[in-house]
Amino acid sequence: MTEPPKAPAEPPKAPAEPPKTPAEPPRAPAEMPSVLVDPPPQTPAQVRRRATLAGVAVSVLLIVAIVLGSRLLRDFDSALLPYAVATVFLAFGVAYRYTVWVSAPGARRLFRQGWRAFFSADNFRKAPTALPKMIATYLGFQKFLGARSHARWAAHQLLFWGCILAALITFPLTWGWFTFTSSTGSGPGYEMRIWGFKVLGFDSLNAVGWLMFHGLDIAAVLVIPGASYFLWRRMKDRTAITGQRFAYDLVPLIALIVISVTGMLLTFSSIFLHGGGYEFLAILHMVSVVFTLIYIPFGKFFHIVQRPAAVGMQLFKYTARRKEGAAGVDGSGLLACRRCGQPIDTAPYVENLQGTMRDLKLDFDEWAEYCPRCKRVLRGNAYLSHVKKGFK
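### Some thoughts on the overall build of the chain
Across its full length, the chain carries 15 helices and five strands. Buried positions account for 38% of the 392 residues belonging to the chain. In the chain, the share of contacts with a sequence separation of at least 24, taken over all contacts with a separation of at least 6, comes to 65%. For the chain, the exposed surface amounts to about 22,900 Å²; the carbon and sulfur share of it is 67%.

### Observations regarding the pairing of strand β2 (residues 189-194)
Only one face of β2 is buried, namely the one carrying Y190, M192 and I194, since none of G189, E191 and R193 on the opposite face is buried. When β2 meets strand β3 (residues 197-203), the two strands line up antiparallel, connected through six bridges. Looking at the pairing, M192 lines up with L200 of β3. Counted between consecutive antiparallel strands, the loop separating β2 from β3 contains two residues, among which W195 sits at a positive phi close to 55 degrees.

### Here's the deal with the side chain of T87
Topologically, T87 is positioned in helix α2 (residues 81-103). T87 gets classed as buried once you look at its relative accessible area, which sits at 3%. Not counting residues up to four positions away in its chain, the partners in contact with T87 are L62, F171, W175 and L293.

### Things to note about the sheet that holds strand β1 (residues 178-181)
An order of β1-β2-β3 is seen for the three strands of this open sheet, with the pairing classed as antiparallel. Edge positions in the sheet fall to β1 and β3, since each has one partner strand and no second. For this sheet the average axis-to-axis angle between neighbouring strands, irrespective of direction, equals 25 degrees.

### Comments concerning the environment of P372
Mapping P372 onto the fold places it in helix α15 (residues 372-387). Along the chain, P372 and I344 lie 28 residues apart, while their C-alpha atoms are 8.7 Å from each other.

### Examining the nonpolar core
Note on soluble globular proteins: their nonpolar side chains tend to be buried together. Counting 20 residues, the largest nonpolar core has L159, A227, L256 and L293 as its most contacted members. Contributing elements (two or more residues each) for this core: α2, α7 (150-175), α9 (215-236), α11 (246-272) and α12 (278-295). By residue number, the principal contributor to this core is α11, which donates five residues. Apart from residues lying up to four places away in sequence, L256 is in contact with L159, C163, V223, A227 and F301.

### Describing α9
Given a rise of 1.5 Å per residue, 22 residues ought to cover 32 Å, and the 32 Å separating the end C-alpha atoms of α9 matches this to within 8%. On its buried face, α9 is in contact with α7, α8 (207-213), α10 (238-243) and α11.

### Things to note about the packing of α11 against α12
Where α11 meets α12, the axes come as close as 9 Å, and the angle between the chain directions of the two elements is 150 degrees. Relative to α12, the element α11 is oriented roughly antiparallel. At the point where α11 passes α12, the crossing takes the left-handed sense.

### Let's talk about unusual backbone geometry
The backbone phi angle of L72 is positive, close to 60 degrees, even though this residue is not glycine. Along the chain, L72 turns up in the loop between α1 (44-69) and α2. With phi around 55 degrees, W195 is a residue other than glycine that occupies positive phi space. Among the secondary structure elements, W195 is positioned in the loop between β2 and β3.

### Side note on the packing of aromatic side chains
If you walk through the whole model with that rule in mind, you get 16 aromatic pairs. Seen in terms of ring centroids, Y229 and W232 are 6.1 Å apart; in terms of plane orientation they differ by 35 degrees. Their pairing is tilted. A residue pair is termed a helical-turn pair when its members lie 3 or 4 positions apart in one helix, as Y229 and W232 do in helix α9 at three residues. Three or more aromatic residues joined by ring pairs make a cluster, and in this case those are F171, W175, W177 and W195. The side chain of R379 reaches across the aromatic face of W367, ending 5.8 Å from its centre.

### Let's talk about the side chain of T262
Within the secondary structure, T262 is located in helix α11. Owing to a relative accessible area of 5%, T262 belongs among the buried residues under this scheme. A polar contact of 3.1 Å, which involves the side chain of T262, links it to the backbone oxygen of I259. Residue contacts for T262: discarding those within four places in its chain leaves L284, H285 and S288.

### Observations regarding the pattern of salt bridges
If you walk through the whole model with that rule in mind, you get six salt bridges. Salt-bridge contacts for E191 lead to R193; the nearest nitrogen and oxygen are separated by 3.0 Å. A residue is classified by how much of its surface remains accessible, and E191, at 25% relative accessible area, is partly exposed. Relative accessible area serves as the criterion here: at 27%, R193 is assigned to the partly exposed category. Of the charged contacts, one joins E191 and K198 as a salt bridge, the two residues approaching to 3.5 Å between their closest N and O atoms. Here the residues in one salt-bridge network are E191, R193 and K198, joined through shared partners.

Calculation rules
- Residues numbered from 1 in each chain as written.
- Predicted model: local features only at pLDDT ≥ 70, side-chain atom pairs only at ≥ 80, totals over all residues.
- Heavy atoms only, no water.
- Helix = DSSP H or I, 4+ residues; strand = E, 2+ residues; numbered from the N terminus.
- Buried < 20%, exposed > 50% of the residue type's maximum accessible area, 1.4 Å probe, protein only.
- Contact = heavy atoms within 4.5 Å.
- Areas by Shrake-Rupley, 256 points an atom, 1.4 Å probe, with all protein chains shown as cover.
- Pairing = 2+ DSSP bridges.
- Axes fitted to C-alpha atoms, helices over the stretch in contact; angles between N-to-C directions.
- Core = buried A, V, L, I, M, F, W, Y, C linked by side-chain atoms within 4.5 Å.
- Expected span 1.5 Å × (residues − 1).
- Parallel < 35°, antiparallel > 145°, perpendicular 65-115°, else oblique.
- Left-handed = near helix turned anticlockwise from the far one by under 90°.
- Phe/Tyr/Trp six-rings, centres within 6.5 Å; stacked < 30°, edge-to-face > 60°.
- Lys NZ or Arg CZ within 6 Å of the ring centre and 35° of its normal.
- Polar contact = N/O pair within 3.5 Å; in protein donor to acceptor, adjacent residues only side chain to side chain.
- Salt bridge = Lys/Arg side-chain N within 4 Å of Asp/Glu carboxyl O.

As structure tokens, then:
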């Protein structure tokens, strides 16, 4: 990227002035927090070593939780062993990649600022409802997708809640934490136990029993239309086609559809076909689930793990805006563009962004003090002044 010119071609507008030199400090309030001092960057070998240790530690903890939660494997179903092994690999992969991701300067700053805002007693005291609202907005209902397309938002909601429901059912059953037992051996009365303790008794022939035994079918009904919409969009939308990759963008959607369809076919086989083809469908379903669980940490689905960090960053921006607004910075808590005076973002957020750019040794961190329009104007003027100089 070209450096900003020392003097823009068009006259600046009040109330701000263009930078005289690249070294000019940002216009920030006197009480703006100091730049976070990060530890020296780690070598790739050190990052991999830390990530491997984190993955091993999380995997061991999960194995211990499975053994203890299943009452020393008394409630563990050996038929579900492949699923349990896949979740252990999932835990290792998530911990490994998350550690690598957090080791990057930008993610590390975001991570630290988010947790600092989360654990701040002052923030909780002044805005106790901010965190629940942001969790509901960014994690639950993903309102930011609705601004792009209502159809995409609806499909993502179906996909999201279907996967959440399936995970809440599948993981505890796979680990032996949930068990369903009947005193008669064949129902209709059943007891649901968690870690060996009775939680609920129900009749398998009523509505509650039907929901208990068909929860995964309900999840499949939600996932299939959501995944099918995104798969259709990936094949028809030119914007999506341009940058998509088969293994990264299409394989996850296909895997979800295969899991959902084979799961529903298992129910269909047991009810209408008296178990015909059940063994083949069970193996196909197991293979697709195991593959997807192992694939999650290294594919597009990893954004599920990264998404909570967005809540921390939004909380950081929200609390910074409240503090600076109360202090009277620009009347709104926002830092103004150095060229046109339009608000950009909170001063702490801009300073955090500049610190990340300095960590990455990007020599244009003062560009963060300009609004998007002024950045385009300055780049255009620099191009006309230097690249096209002498041409008519």
